[in-house]
Amino acid sequence: MSVTPVRTKLIIPPLRPNSLPRPRLIERLNHSLQPGTKLTLVSAPAGYGKTTALTQWAHASPAPIGWLSLDRSDNDFERFFRYLILAWEEVQPEIKHSRLDALLGSRSPNREAVLAAFINSAVEIERHTVLVLNDYHLIEEDSIHQALTFLIDHLPATLHLVLTSRGEPPLPLTRYRAHRELLEIRSEDLAFWLEETRMYFDEVIGLDLAENEIERLHADLEGWIAGLQLVALSLQKGLTAADQLVVRGRHRFIADYLSEEVLIPLSGDLQRFLLQTSILDRLCGPLCAAVTGLAGGQILLETLERENLFLTPLDDRREWFRYHPLFADFLQAVLHRRHPADIAELHRRAGRWHLEQELPEEAFNHALAGGDVALVNQVFERYTQVKLLGGEVRVVRRWLDSLPVEWQSGYPMIGVARAGTLLITGQFEASARCLDEVEQWLGPAESADSRVQQARLSAVHCFIACFQNDLERAETLADHALRGLPDADADLRTGVYGALGDTYRQNGRWKEAQDCYLRALDLDHTRTFRVQSAHVFGALADLELRQGRLRDAARYWRQALAAVNNRDNWGHLLPLPVIGWLYIRLGELQYEWNRLEEAWDYLSRGLERSEPAGDVRAMIAGYLLAGRCKLAAGETEAAEEYLERTRPLVEKAQFAQWTSRFERLQVELWLVQDRLRAAVNWADNLLSDASIDNRPENEVSQLAIARVLILKGDPGSTAQALSRLDHLLQAVETENKMGIQIEGLVLQALAQWRRNKQPQALAALEKALRLAEPEGYVRCFVDCGLPLARLLQEARSRSVRPGYVENLLAAFEIDLSTAATAGVTLPEPLTPREMQVLEQIAAGLTNHEIAEVLVISPQTVKKHASSIYGKLGVSRRTEAAARARELNLLD
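Residues numbered from 1 in each chain as written. Predicted model: local features only at pLDDT ≥ 70, side-chain atom pairs only at ≥ 80, totals over all residues. Heavy atoms only, no water.

*Asks:* Could you clarify how one ought to interpret the overall build of the protein chain in this entry?
*Replies:* Counting secondary structure elements, the protein chain contains 46 helices and 7 strands. Here the contacts in the protein chain between residues at least 6 apart in sequence split such that 69% fall between residues at least 24 apart. Carbon and sulfur atoms form 48% of the exposed surface of the protein chain, whose accessible area is close to 36900 Å². (Helix = DSSP H or I, 4+ residues; strand = E, 2+ residues; numbered from the N terminus. Contact = heavy atoms within 4.5 Å. Areas by Shrake-Rupley, 256 points an atom, 1.4 Å probe, with all protein chains shown as cover.)

And the structure:
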């Protein structure tokens with residue numbers, strides 16, 4: 001879609017004061033809303049009043065009606081459905097918050113997912129709603145016909161489609177007829193009855209004609225409304241007497257009539273105005289003035305409307321109009337016959353005006369029709385990046401494919417546009433070759449213009465390097481591009497900063513990434529920024545989160561969400577698929593703050609948008625968060641189900657940076673399931689792999705390994721955990737990764753506590769609390785379980801940050817009153833057999849393995865374990881082992 005959608009396409013045309021009421025048609029259209037009818041087809045040649053009848057019905061209908069006036073530029077799947085959703089949203093704004101926004105904002109939306117989301121959104125809407133597609137005969141794209149067929153086949157009873165067309169659309173109408181799902185209104189239904197012809201001449205036009213004259217005209221024209229209008233206009237102006245008017249053939253009559261009876265009586269200026277503006281699909285005063293060079297374009301339009309010269313208003317304010325298609329065709333034929341040499345210049349003027357109004361598609365079409373390659377170049381220069389980033393790759397490709405062969409080379413921005421299209425579709429080598437060809441055209445950068453063009457090429461080369469994560473080359477190219485690009489080329493500058501920021505972030509250079517994003521924010525007036533704003537705010541949020549600043553991260557993510565949801569922005573550019581990602585990341589913050597219901601709400605909305613769009617990254621993040629939420633709620637099986645949903649996504653998509661997070665959730669699940677041995681085996685395998693230090697986001701894996709070693713509990717494992725934590729904490733403190741630092745300090749405190757090093761344990765815990773309290777961290781403490789709860793109790797007894805500690809203890813949701821503090825004997829001692837079972841539990845053996853070692857049944861082991869848990873005041877195996885070591889029951 002263009003940067004500014006044409007709002008008149010979405011407005012139900014206003015009622016014309018001289019139109020004849022058609023109650024029988026309105027009644028029939030109302031009947032189409034009965035259950036079982038899915039599609040109404042209003043099909044007739046031009047001039048039968050299809051739009052007028054639907055307009056009358058739409059203004060009187062009790063059901064909300066979304067209106068879309070189609071034109072030939074809508075022969076693009078994404079553009080068609082974006083406009084269709086805009087029309088739907090006009091009458092039901094809640095549709096804006098459905099999954100469709102994310103899907104249609106993606107660069108290459110999955111068409112099946114779009115259609116499924118469309119149907120699902122329709123099912124959720126309880127009110128009966130009608131969507132009108134006016135002038136569907138202009139749609140020739142097979143994918144749209146196929147998509148519409150799918151929608152009609154699966155529409156719920158609450159959504160009804162109405163199509164107007166000059167012929168039968170390529171839909172399975174025979175099947176719809178057989179199933180009685182189709183209501184058809186044809187030319188014989190639309191044509192005036194004799195009584196309506198009589199009323200039209202008498203009541204609407206005010207002509208006193210004899211009955212035989214009315215009957216003859218009606219018979220000659222067979223109720224054809226456009227012909228009757230032309231006759232009435234001729235009679236009104238006294239150009240012809242009724243008894244002299246002979247109608248022998250419609251089309252010849254129209255041509256003769258319009259040429260002899262309409263144009264000739266008009267003044268020369270008005271004739272010239274009509275002919276010159278006939279090249280326009282839609283007219284307004286300033287546009288007409290720009291095309292004709294005549295002042296007072298609005299006054300002339302209002303004059304034409306008053307004179308009933310086939311001008312139809314497109315809005316209630318009478319700002320935008322269009323000519324009746326028959327009249328426009330006639331005027332264009334006269335223009336080509338009388339002034340063929342003027343046509344190209346008229347198109348060029350129209351193109352320049354549309355470009356000034358930020359209507360690039362109209363500007364491009366007129367520039368192409370006018371043979372103005374310089375203007376086409378300007379359209380590419382201003383809008384290529386916006387459209388590519390905004391998901392309109394097919395629009396740019398269609399522009400490129402429509403250019404004359406001689407324009408395909410020698411014009412730098414056209415070449416840059418082609419390279420950008422190849423880049424955005426992942427064809428990096430082809431994109432680079434295209435840029436090399438452009439550089440050969442340019443030759444040495446001797447002129448100022450040539451240097452600017454070289455800078456633009458460097459910008460696109462920079463994008464390629466960023467896509468390939470070649471940071472060193474990207475930096476060099478970005479420096480050359482930014483030094484050579486003029487300030488007016490702000491869109492490309494924004495793109496360079498955004499791409500370079502992403503690459504810095506991917507390589508852990510956060511300060512440089514942040515600087516790039518903030519520079520992009522400084523260019524917030526650009527078209528590109530309107531596309532990238534959600535991404536930039538989201539990237540800044542991610543940087544803040546990596547540094548542990550939860551509140552700043554939340555602020556940026558909310559700004560990103562506001563940019564996506566802002567109605568004004570949505571009117572310019574549809575939301576990007578990042579919206580699902582944003583909801584999920586906001587859910588992660590709510591989880592850390594222990595607002596579990598809010599976390600699940602954000603998560604659900606995020607997955608609703610990410611799953612249909614196939615946004616794998618967001619789905620991975622969402623499923624992992626869902627698993628953590630289910631673990632926090634004690635729903636182990638549900639947590640495991642989400643983990644298994646994530647597994648193939650991580651493996652197939654090869655998102656290396658998510659492997660560590662996936663494995664960490666796996667470890668947490670094993671620990672809850674009392675499968676310490678599985679966790680230990682995982683840690684041992686990872687420790688034997690020298691490549692762990694090179695794994696993206698390896699800090700998450702290091703924390704998981706340390707936790708497993710601490711729970712394993714033997715002195716060697718605890719010492720190894722402390723060693724690894726010391727090394728990790730030194731690194732993350734240098735890199736200012738406060739979130740990792742807090743978690744590392746918490747584990748360090750647990751390890752020291754395990755070694756009975758109470759002062760060191762409390763010192764590490766106090767430092768973690770001091771860093772965490774301003775940002776409101778909760779779950780990174782609570783998820784460590786009962787051992788940390790007891791350590792926090794000790795901190796509370798020593799008045800270490802008492803308010804914050806009290807809040808953390810309240811979040812554990814366990815009965816700490818029955819859990820004795822370290823060093824206190826058990827109220828009921830363990831039996832010798834229970835001690836034997838406890839030793840095997842601490843070693844990580846399963847119930848069956850313990851049974852084999854002790855030569856008892858697994859059921860007996862289970863009974864002993866239950867008794868042990870009760871005496872120790874714990875609920876699972878890992879807590880039992882940890883509690884036993886705190887009480888010095890184990891060596």
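*Asks:* Before we go on, may I ask you to explain the pattern of salt bridges in this structure?
*Replies:* Note on pairing: side chains with opposite charge can pair once their charged atoms come close. The final tally for this structure, using the stated rule, is 57 salt bridges. A salt bridge links aspartate 74 to lysine 9, with the nearest nitrogen and oxygen atoms 2.7 Å apart. One end of the pair, aspartate 74, is in the loop between strand 2 (65-69) and helix 3 (77-91); the other, lysine 9, is in the segment before helix 1 (23-31), with 65 residues separating them in the sequence. Summarising the burial analysis for this pair, aspartate 74 and lysine 9 share the class buried. Notably, a salt bridge pairs arginine 28 with aspartate 189, separated by 3.1 Å at the nearest N-O pair. One end of the pair, arginine 28, is in helix 1; the other, aspartate 189, is in helix 8 (residues 187-190), with 161 residues separating them in the sequence. (Salt bridge = Lys/Arg side-chain N within 4 Å of Asp/Glu carboxyl O. Buried < 20%, exposed > 50% of the residue type's maximum accessible area, 1.4 Å probe, protein only.)

*Asks:* For this particular structure, what's the right way to read the packing of helix 21 (residues 412-424) against helix 22 (residues 428-442)?
*Replies:* To characterise two packed helices, one gives the angle between the axes of the helices and the distance between these axes. At their nearest, the axes of helix 21 and helix 22 sit 7 Å apart, and the two run at 170° to each other. With respect to their mutual orientation, helix 21 and helix 22 come out roughly antiparallel. From helix 21, Pro412, Gly415, Val416, Arg418, Ala419, Leu422 and Leu423 reach across to helix 22, where they touch Phe428, Ala430, Ser431, Cys434, Leu435, Val438, Trp441 and Leu442. Broken down by class, the residue content of the contact of helix 21 with helix 22 amounts to 12 nonpolar, 2 polar and 1 charged. (Axes fitted to C-alpha atoms, helices over the stretch in contact; angles between N-to-C directions. Parallel < 35°, antiparallel > 145°, perpendicular 65-115°, else oblique. Nonpolar A, V, L, I, M, F, W, Y, C, P; charged D, E, K, R; others polar.)

*Asks:* Explain the nonpolar core here, please?
*Replies:* Looking at soluble globular proteins, one finds that nonpolar side chains tend to be buried together. Phe380 and Phe781 are the most contacted members of the largest nonpolar core, which has 161 residues in total. With 10 residues, the top contributor of residues to this core is helix 38 (residues 738-754). Not counting residues up to four positions away in its chain, the partners in contact with phenylalanine 781 are Ile742, Val746, Leu765, Ala768, Leu769, Ala772, Leu788, Tyr804, Leu808 and Phe812. Judged by nonpolar contacts, the second largest core, of 39 residues, contains Val6, Phe80, Val114 and Leu161. (Core = buried A, V, L, I, M, F, W, Y, C linked by side-chain atoms within 4.5 Å.)

*Asks:* I would appreciate a short explanation of the confidence of the model for the protein chain in the present structure.
*Replies:* The predicted coordinates of low-pLDDT regions are not to be read in fine detail. Averaged over all residues, the pLDDT of the protein chain is 83; the fraction at 70 or higher stands at 87%. The secondary structure element of the protein chain with the lowest average pLDDT is helix 29 (residues 567-572), at 45, and the one with the highest is helix 39 (residues 758-772), at 95. Taken as a whole, residues 246-251 scores under 50 in pLDDT and shows 10 contacts with residues more than four places along the chain or in a different chain. Counting interchain partners and residues more than four positions distant, the pLDDT-below-50 stretch residues 567-576 has 34 contacts. (pLDDT = per-residue confidence, 0-100.)

*Asks:* Help me understand the packing of aromatic side chains in this model?
*Replies:* For any pair of aromatic rings, geometry is given as the distance between the ring centres together with the angle between the planes. Under the criterion given, the structure shown has 15 aromatic pairs. Each ring, one from tryptophan 88 and one from phenylalanine 118, has its centre 4.9 Å from the other, and the planes form 40°; the classification is tilted. One end of the pair, tryptophan 88, is in helix 3; the other, phenylalanine 118, is in helix 5 (residues 111-124), and 30 residues separate them in sequence. A ring pair is formed by tyrosine 623 and tyrosine 642, whose centres lie 6.2 Å apart and whose planes are at 35°; its orientation type is tilted. Linking tyrosine 623 in helix 32 (residues 616-632) with tyrosine 642 in helix 33 (residues 636-653), this pair joins segments that are 19 residues apart in sequence. Among the aromatic residues, ring-to-ring pairing joins Phe77, Phe80, Phe81, Trp88 and Phe118 into one connected group. (Phe/Tyr/Trp six-rings, centres within 6.5 Å; stacked < 30°, edge-to-face > 60°.)

*Asks:* Help me understand the packing of helix 44 (residues 847-854) against helix 45 (residues 858-872) in this model?
*Replies:* Two numbers describe how helix 44 lies on helix 45: the axes approach to 8 Å, and their chain directions differ by 105°. Considering the angle they form, helix 44 stands roughly perpendicular to helix 45. Residues Asn847, His848, Ile850 and Ala851 of helix 44 touch helix 45, and the partners they reach there are Pro858, Val861 and Lys862. Here the residues of the contact of helix 44 with helix 45 sort into 4 nonpolar, 2 polar and 1 charged.

*Asks:* I would appreciate a short explanation of the side chain of arginine 585 in the present structure.
*Replies:* In this fold, arginine 585 is placed in helix 30 (residues 578-592). Each residue touching arginine 585, except ones within four places of it in the same chain, is listed here: Asp542, Leu545, Trp557 and Arg661.

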